[in-house]
Structure formats: C-alpha cells, structure tokens
Amino acid sequence: MNLLKKQGFFNSITLYIGTALGFINLTVLFQRILTPQEIGFFALLISVTLLYTQIAGLGFSSVITRYFPFFKSDDRKHNGFPTYVFKVTSIGFLIVTAFYIFGKEYIIDLKSDSNGSSYFSRYYYTVIPVALFTLWYNLAETFSRTTYHNILPAFMREVALKGFTTIGVLLVYLQFFNYGDFVFWYIGTNALLLLLLLLYLKHLDLIRFKNIQQPVKEKSPEILKYGVYSMLAGGSITMIQNIDTIMLKIYTSESLVGYYFTLFSMAVVISLPAKALSTTSYQIIADAWSKNDLKRINKIYSKTSLVQFIIGCLLLIGLIANWHNILTILKKPEYAELYYVFIVVAIGFLCDITGGLNGAIISFSKNYRVIMYILIVAAAVCALLNMLFIPNFGIIGAALAYTLTMFALNFFYWIYLLLKFKLQPFRFSFVKVMLISAFVLLVGVYLPYVDNFFVDVAIRSALMALLYTGLIYFLKISADINEAIDQLLIKLKK
C-alpha cells in the first residue's frame, strides 16, 4: 500500500469512527443530558467559530496547499513560509476579534425578543479562544498534510475531539460538571489538541519558524490575492452550511437551534460516503485537466455522480423507514413533529452529492474563479431565503432555505459544465434509481414493526439494503457497483 493510499484508507476509517462518536454524542448523550437550549448554544458555538476562522484565516489553508511546494526546503525552514503564514493569519484573527468584541452589543441586539436564551450572551467571549485554537489547528494540520503526515492530525480532529466531548457530557451527567464547566472543557480540549499537534510537528521536525526570506516576500502579493479568493469561496461554503443555524437563533430561540442542529447533523450521514469517494478522485481530475482530457473527466464525473446518488438514496430511504426508531433514540417526543424538517434537509444533502465532482471539476480548470462568483451568489441567496422563510415558517423555513440553495448551487454548476465543456453526468439510470428507491422505501415503511428496537432496526435495514442492492445489481445500473459486488462475492467464496 503506497503512502497516499495508506493515508486515504486510515483517514476514511477515522472519518467513520468520528462520525459514529458524533452521532452517539448528539442523538444519545446530548438528548438525555443536555437541554435543547444547551444543545442549541453548542451548535451556535460551532457555527460561529467556523465562520470566524474562515474570515480570520484569510484563506491560508488553501494558500499552504498551493504555495508550500514552492518554498519547501531540506533545512525545514522553508524560506520562512511557516512564519509568514502564522503572522498574516494572526493579523487577520486580531482584526476579526476586534470587530467581534466591539460589535458585541450590536450582535446581541440582533436577537432582542423574549423567545431566545441568554446562553449566547453569557458565553459570548468563549467563541474567541475556540476560534483561535481551531484556526491554528487547521493551519498546522494543513502543513502536516502537505508533508504527508496527516493520519494523526485527522484522528485528533475527527475522533479525539469528539471523544473528549463524550467525556465532558458524561461528567455533566455524573454532576461533576455543570453546563458552564462543559463549555470550558470543550475550550480546553481544543487547546490540548492544538498543543499535541504542534509537539507532533516539532518532534518530526517538519517545519521551523525562522525569519521570512526574500522568495516569500516577493510572492507575498500573489499569495495574499489567492488567499482572499480562497477566503471568499471557502467563507461562502461555510456560510451556506451554517447561516441557517445563526438565523434561527436571531429569529426564534436556542431551543429550536438545538432541534434543528440535531436533525441537520443526522442528515449529514447521507453525504459521508460521497465525501470519501470524491476525495480519492480529485487528483485524477487535476491530472486529466493537465492533459485537457475532457472525455476522461466526463467519465469520472458521470461515474461518481451516479454512485453517490445510489448510495445517497439508500441512506435516505433507510433513515426515512427507520424514523420511528430514530425517535426512540432521540427520546424527546418533540422531534415527532419535526419529521418534515429532517426530510427536507436530507433531500438537500442528496441534491449536493448527486452533483458528483462538479465543483472540483470547475476548481481544477483554468476557469476556477467562476466557483468563487457562484458561491458568493449562493451564500447571498441562502441568507436571503433564511431571512424570508424563518420568520414566516419557523424551523422548516431554515430547512427549505438550505435545500433550495443546494439545489440551485448544483444546478448552476451543472449548467456551466454543460454549456462550457459539454460535460453531462445524468442518464436514464438516475430515473431507474429513483423508481427502485421509491419501491424499496414502500417495502421498508410497510414492514411490520418488531417490538424490540435493535431487532427492528437490524431486520428493516438489512432487508431494505439487500432488496435495494439486489435490484441495482441485477438491473446493472452501475458498472462500478456491480464490479465491487462481484469482487466481494469472489472473496466470500474463497
């Protein structure tokens, strides 16, 4: 197993373990130990931190990936590039922090009615250290990735952080902590993981913080320009993914934020296999563009779009058919009334993964700046839809805003690739998958319930998966899935 495949394998394992831990935290422990209001503030802490770091970081995670190879040197000083990165981002962080501190009264006044909670006011300044530790961790992890040492940093981010969160919430349950202690435990965990990562980089002697050299100074204007572009693009993505949570806080309450965050996080499961599949295809797309091989690009575009749609549909119908079991896990009866919120958000994730590698294909092309313009418009549309929908429709309005934005975003990606490069992934196979999904969903919904929760989940999910996979296989919807199943059957026979 070569280095890239090894890292890809272990990072995929890490991603799934981390997702499982996060699922347990959110759907089991949080629901039984924390109030919806407390979950809502935790969601806000994460959402605001992500936006904070995107702006403060000035796009330098992407800058490191793009420019580090130009300055990399055997003496590990790298022409002072690591020093340059942390200096510039520290300035960016100080500027954003100044706006955050002095704008507190205005930000708090965005939510002036009596429906909200005081948690955000009470813990307003806790966002700053979490944002600082997250920003520095992201930069250090990017340096690790560019030097091919990404397994441990990914493990700490995906697994260790969620594991420490589990311990923190259990300490609340055992009454060693109150909620305030839990918040500061989370801050301390982020600080500890950053320290461990920096010690890891020092131990491997991957980077050294030395004076900035002339090659970096000469390229600085170009680097800053690229960083601003990356910040606008990355910030727009982050806004689309988090603005609904923030808007819900502004227009409703932290309790509703807690319910929405829980349902949104469960729906994320639909996108995980696509995330793992897509990452391994990025280098192929980049190589194909270097040779202007549009035929190869269209082939992988079509394959990933179809495979991700097939897997996404299976996960979606599985979650819908097991809704009564999900309610058992969540325990709180209020979620029974939020069924359609979950469905709408889940469809939004399905729309996104069905686009396949559309965004990556544009990003790796010579017209990569188009992505920035599309994303900025999409973020503005998403914010506008939330402003229109949430006051009128409440929590379902946030779900609608997200899903309509994801549909529109991927629609414009598709139109652009079709008109500009004649790339088209959609075939009649997608209609077949939708028909199969509808049929299997009906079977799953109308299966008799079994009193035992674990038995019902196992039987319902297994029967649906076998029926769905069997139909996909025998109707030969996807050559890649058929090949994977054939290889699995050969191994089983052996």
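Since the structure is predicted, the reported quantities are computational estimates derived from the model, not experimental observations.

**As for the overall build of the chain**
So, step 1. Scanning the chain for helices and strands turns up 22 helices and 0 strands.
So, step 2. Here the C-alpha atoms of the chain give a radius of gyration of 23 Å, agreeing with the 23 Å that 2.2 N^0.38 yields for 494 residues.
So, step 3. Sorting the 494 residues of the chain into buried and exposed places 51% on the buried side.
So, step 4. A separation threshold of at least 6 residues defines the contact pool for the chain, and within that pool the share at least 24 residues apart is 82%.
So, step 5. Here the chain displays about 24000 Å² of accessible surface, and carbon together with sulfur accounts for 68% of that area.

**Observations concerning the nonpolar core**
So, step 1. In terms of nonpolar packing, the biggest core is built from 143 residues, with Phe81 and Tyr260 touching the most fellow members.
So, step 2. Of the residues forming this core, the biggest block, 13 residues, is contributed by helix H14 (residues 294-321).
So, step 3. Setting aside chain neighbours within four positions, we find tyrosine 260 in contact with Asp244, Thr245, Leu248, Val341, Val345, Ile395, Ala398, Ala399 and Tyr402.

**Things to note about the packing of aromatic side chains**
So, step 1. All told, the structure shown has 35 aromatic pairs when counted by the stated rule.
So, step 2. Centre to centre, the rings of phenylalanine 389 and phenylalanine 393 are 5.9 Å apart; their planes meet at 65 degrees, and the pair counts as edge-to-face. Within this pair, phenylalanine 389 and its partner phenylalanine 393 are both found in helix H18 (residues 369-393), separated by 4 residues, close to a single helical turn.
So, step 3. Given the relative accessible area of 18%, phenylalanine 389 is considered buried.
So, step 4. Through successive ring pairs, a cluster of aromatic residues spans Phe30, Phe41, Phe42, Tyr119, Tyr123, Tyr179, Phe182 and Tyr186.
So, step 5. Taking the ring centre of tyrosine 119 as reference, the NZ or CZ of arginine 122 above it sits at 4.9 Å.

**Here we look at the packing of helix H2 (residues 36-56) against helix H4 (residues 81-102)**
So, step 1. It is at 8 Å that the axes of H2 and H4 come closest, and there the two elements cross at 130 degrees. Accordingly, the angle class assigned to the pair H2 and H4 is oblique. Residues Val48, Tyr52, Ile55 and Ala56 of H2 pack against Thr89, Gly92, Phe93, Val96, Thr97 and Tyr100 of H4.

**What to know about the state of the cysteines**
So, step 1. For the structure on display, the rule yields 0 disulfides.
So, step 2. No disulfide involves cysteine 313; its sulfur sits 10 Å from that of cysteine 351, the nearest cysteine.
So, step 3. Classification of cysteine 313 as buried rests on a relative accessible area of 5%.
So, step 4. In this structure cysteine 382 is a free cysteine whose sulfur lies 13 Å from that of cysteine 351, the closest cysteine sulfur available.
So, step 5. The class of cysteine 382 is buried, set by a relative accessible area of 0%.

**Details of unusual backbone geometry**
So, step 1. With a phi close to 70 degrees, lysine 331 is a non-glycine residue in the positive phi region.
So, step 2. Residue placement: lysine 331 occurs in the loop between helix H15 (323-330) and helix H16 (339-354).

**A short note on the packing of H14 against H16**
So, step 1. Two elements in contact, H14 and H16, have axes whose closest approach is 9 Å; the angle formed by their N-to-C orientations is 170 degrees. As the angle between them shows, H14 and H16 are arranged roughly antiparallel. Mapping the contact onto sequence places Ser305, Gln308, Phe309, Gly312, Cys313, Leu316, Leu319 and Ile320 in H14 and Tyr339, Phe342, Ile343, Ala346, Leu350, Ile353 and Thr354 in H16.
So, step 2. Split by residue class, the contact of H14 with H16 holds 11 nonpolar, 4 polar and no charged.

**Section: the environment of leucine 171**
So, step 1. Its location among the elements puts leucine 171 in helix H8 (residues 151-173).
So, step 2. Residues leucine 171 and alanine 479 lie 308 residues apart in sequence; the distance between their C-alpha atoms is 50 Å.

**Considerations on the confidence of the model for the chain**
So, step 1. With 91% of its residues at a pLDDT of at least 70, the chain reaches an overall mean of 84.
So, step 2. Per-element mean pLDDT across the chain ranges from 70 in helix H12 (residues 272-279) up to 94 in helix H20 (residues 429-446).
So, step 3. Contacts of residues 112-117 to residues separated by more than four positions or lying in other chains number 10 contacts, the stretch itself having pLDDT below 50.

**So, a positive patch on the surface**
So, step 1. Taken together, the side chains of Lys291, Lys295, Arg296 and Lys299 present a region of like positive charge at the surface.
So, step 2. Here lysine 295 lies in helix H14.
So, step 3. A relative accessible area of 72% means that lysine 295 is categorised as exposed.

**A short note on the pattern of salt bridges**
So, step 1. Counted under the stated rule, the structure contains 6 salt bridges.
So, step 2. We note a salt bridge from glutamate 158 to arginine 157, for which the minimum N-O separation is 2.6 Å.
So, step 3. By relative accessible area, which is 11% here, glutamate 158 ends up buried.
So, step 4. On the basis of relative accessibility, which here comes to 31%, the residue arginine 157 falls in the partly exposed class.
So, step 5. Between glutamate 158 and lysine 162 there is a salt bridge, with its nearest N and O atoms 3.4 Å apart. Taken as a pair, glutamate 158 and lysine 162 lie in helix H8 at a separation of 4 residues, close to a single helical turn.
So, step 6. Using a relative accessible area of 25% as the deciding quantity, one classes lysine 162 as partly exposed.

Conventions used here
- Residue numbering note: each chain is counted from 1, following its sequence as written.
- It should be noted that, the model being predicted, local features are given only for residues of pLDDT at least 70 and side-chain atom pairs only at 80 or more, the latter also being counted only at that level, while totals for whole chains, interfaces and linings use all residues.
- With hydrogens and water set aside, each side-chain value is computed from the structure's full complement of heavy atoms.
- A run of H or I in DSSP becomes a helix once it reaches four residues, and a run of E becomes a strand once it reaches two; helices and strands are each numbered from the N terminus.
- Two things to know: the radius of gyration comes from C-alpha atoms, and the globule rule equals 2.2 Å times the number of residues to the power 0.38.
- Any residue under 20% of the maximum accessible area for its type is buried, any over 50% is exposed, and the rest in between are partly exposed; the area is computed with a 1.4 Å probe on protein chains only.
- Should any heavy atoms of two residues lie within 4.5 Å, those residues are counted as being in contact.
- We get accessible surface area from the Shrake-Rupley algorithm with a probe of 1.4 Å; when it comes to residues, only the shown protein chains can shield them.
- What we call a nonpolar core is a set of buried Ala, Val, Leu, Ile, Met, Phe, Trp, Tyr and Cys residues that are connected through their side-chain atoms within 4.5 Å.
- Ring pairs are drawn from Phe, Tyr and Trp, using the six-membered ring of Trp, whenever the two centres fall within 6.5 Å, and their geometry is named by plane angle: stacked under 30 degrees, edge-to-face over 60, tilted for the rest.
- For a ring to carry a charge above it, either NZ of a lysine or CZ of an arginine must fall within 6 Å of the ring centroid while also lying within 35 degrees of the normal to the ring plane.
- Lines fitted to C-alpha atoms define the axes here, with helix axes fitted over just the stretch in contact, and angles between the N-to-C directions of these axes take values from 0 to 180 degrees.
- Orientation categories follow fixed angle ranges, with anything under 35 degrees roughly parallel, anything over 145 roughly antiparallel, 65 to 115 roughly perpendicular, and all other angles oblique.
- Our working definition of a disulfide is a cysteine sulfur pair at a distance within 2.5 Å.
- Put simply, Ala, Val, Leu, Ile, Met, Phe, Trp, Tyr, Cys and Pro go in the nonpolar bin, Asp, Glu, Lys and Arg in the charged bin, and everything else, Gly too, in the polar bin.
- Here pLDDT means the predictor's own confidence in every residue, given as a number from 0 to 100.
- Candidates for patches are residues over 30% relative accessible area with no salt bridge; among them, like charges are joined within 9 Å and nonpolar side chains (Val, Leu, Ile, Met, Phe, Trp, Tyr) within 5 Å.
- Any carboxyl oxygen of Asp or Glu within 4 Å of a side-chain nitrogen of Lys or Arg constitutes a salt bridge here.
- The convention is simple: Lys and Arg are positive, Asp and Glu are negative, and His and the chain ends are not counted.
- The location of each charge is read from NZ of Lys, CZ of Arg, CG of Asp or CD of Glu.

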